Amino acid sequence: MPVTEVSHPLFARFYTWFSGVLDRHGMAAQREALVAGLSGRVIEVGAGNGLNFSCYPPSVAGVLAVEPEPRLRAAALDAARRSPVRIEVVGGLADRLPAASGEFDAAVVSFVLCSLPDPVAGLREIRRVLAPEGRLRFLEHVRAGPGGWARAQDLLDATVWPCLTGGCHTGRDSVAAVEAAGFTVGPLERFVFPGGVRSPISFCVRGEARP
């Protein structure tokens, strides 16, 4: 039987707490912008604890939320019950999505590409399940520009950070991965969070791409 789960119990507990802190300091507005204007069928890959669910507009007919970590998936199931739109939460991996080709009008990823073993493979799978006119929305922390912060990211990623954070890499160029997977990237919003305070994980990007 193929593996459809990953288990990071300590990180799952930390992420549930930390993501709530970030939302209270302004990340919730970025989540709302991430899904604004979406409609039809949506797949959210790496749904985590479901913080995006309350932001989906009523024009969304339904969401298939895929989350491989069982503790985060349980939190997502709870969030789905309170969502204004219909959400089905399932297990699964980004590179083996439980969906048919061309099934979805939109795909959403947030703080996911940093932790995929092969982000390009995961993004190609997302492209497979999108309709030809579908769109990918992404919100990710990414590589800093040239300089000291990028070097700090490289050091963290080569040592303790992925081990402590469920495979997360602080310095991934996720926009380049989206392009390598066959998407055309549209306008991007790059920002430092929170409030311009810099750390290895504070360099962020939000954007949209088309197959």
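Look above for the structure.
Everything in this summary refers to the structure shown in the same document. (Residues numbered from 1 in each chain as written. Predicted model: local features only at pLDDT ≥ 70, side-chain atom pairs only at ≥ 80, totals over all residues. Heavy atoms only, no water.)

**What about the sheet that holds strand β4 (residues 104-110)?**
Strand order in this open sheet of 7 strands is β3-β2-β1-β4-β5-β7-β6, and the pairing throughout is mixed. Sheet topology places β3 (87-90) and β6 (184-192) at the edges, where each strand pairs with a single neighbour. Across the sheet, the axes of successive neighbouring strands diverge by a mean angle of 15°, strand direction being ignored. Note that β6 and strand β7 (residues 203-210) share 7 bridges and pair antiparallel. Within β7, the position partnered with Glu-189 by the bridge is Arg-206. Helix α3 (residues 119-129) rests against β1 (40-45), β4 and β5 (130-141) of the sheet, and its axis sits at about 145° to β5. (Pairing = 2+ DSSP bridges. Helix = DSSP H or I, 4+ residues; strand = E, 2+ residues; numbered from the N terminus. Axes fitted to C-alpha atoms, helices over the stretch in contact; angles between N-to-C directions. Contact = heavy atoms within 4.5 Å.)

**Focus: the state of the cysteines**
In total, this model carries 0 disulfides according to the counting rule given. No disulfide involves Cys-163; its sulfur sits 12 Å from the nearest other cysteine sulfur, which is in Cys-168. Taking relative accessible area as the criterion, Cys-163 reaches 68% and is therefore assigned exposed. Of all cysteine sulfurs, the one in Cys-114 lies closest to Cys-204, which takes part in no disulfide; the gap is 10 Å. Judged by its relative accessible area of 3%, Cys-204 falls in the buried class. (Disulfide = S-S within 2.5 Å. Buried < 20%, exposed > 50% of the residue type's maximum accessible area, 1.4 Å probe, protein only.)

**Let's talk about the pattern of salt bridges**
Considering all chains together, one arrives at 12 salt bridges under this definition. A salt bridge links Asp-78 to Arg-82; its shortest N-O distance comes to 2.6 Å. With relative accessibility at 36%, the residue Asp-78 sits in the partly exposed group. On the basis of relative accessible area, Arg-82 is assigned to the exposed category, the value being 59%. Each member of the salt-bridge network shares a partner with another, and the members are Arg-135, Arg-137, Glu-208 and Arg-210. (Salt bridge = Lys/Arg side-chain N within 4 Å of Asp/Glu carboxyl O.)

**A few points about the environment of Ser-59**
Looking at where Ser-59 falls in the secondary structure, it is placed in the loop between β1 and β2 (60-66). For Ser-59, a relative accessible area of 41% gives the class partly exposed. A C-alpha to C-alpha distance of 9.7 Å links Ser-59 and Ala-36, two positions 23 residues apart in sequence. Ignoring any residue separated from it by four or fewer positions in sequence, one finds Ser-59 in contact with Leu-38, Ser-39 and Gly-40.

**What to know about the packing of aromatic side chains**
The relative placement of two aromatic rings is captured by the distance of their centres and the angle of their planes. Tallying each qualifying case throughout the model produces 6 aromatic pairs. Seen in terms of ring centroids, Trp-17 and Phe-18 are 6.1 Å apart; in terms of plane orientation they differ by 35°. Their pairing is tilted. Given the relative accessible area of 52%, Trp-17 is considered exposed. A ring pair is formed by Trp-149 and Phe-203, whose centres lie 6.3 Å apart and whose planes are at 55°; its orientation type is tilted. (Phe/Tyr/Trp six-rings, centres within 6.5 Å; stacked < 30°, edge-to-face > 60°.)

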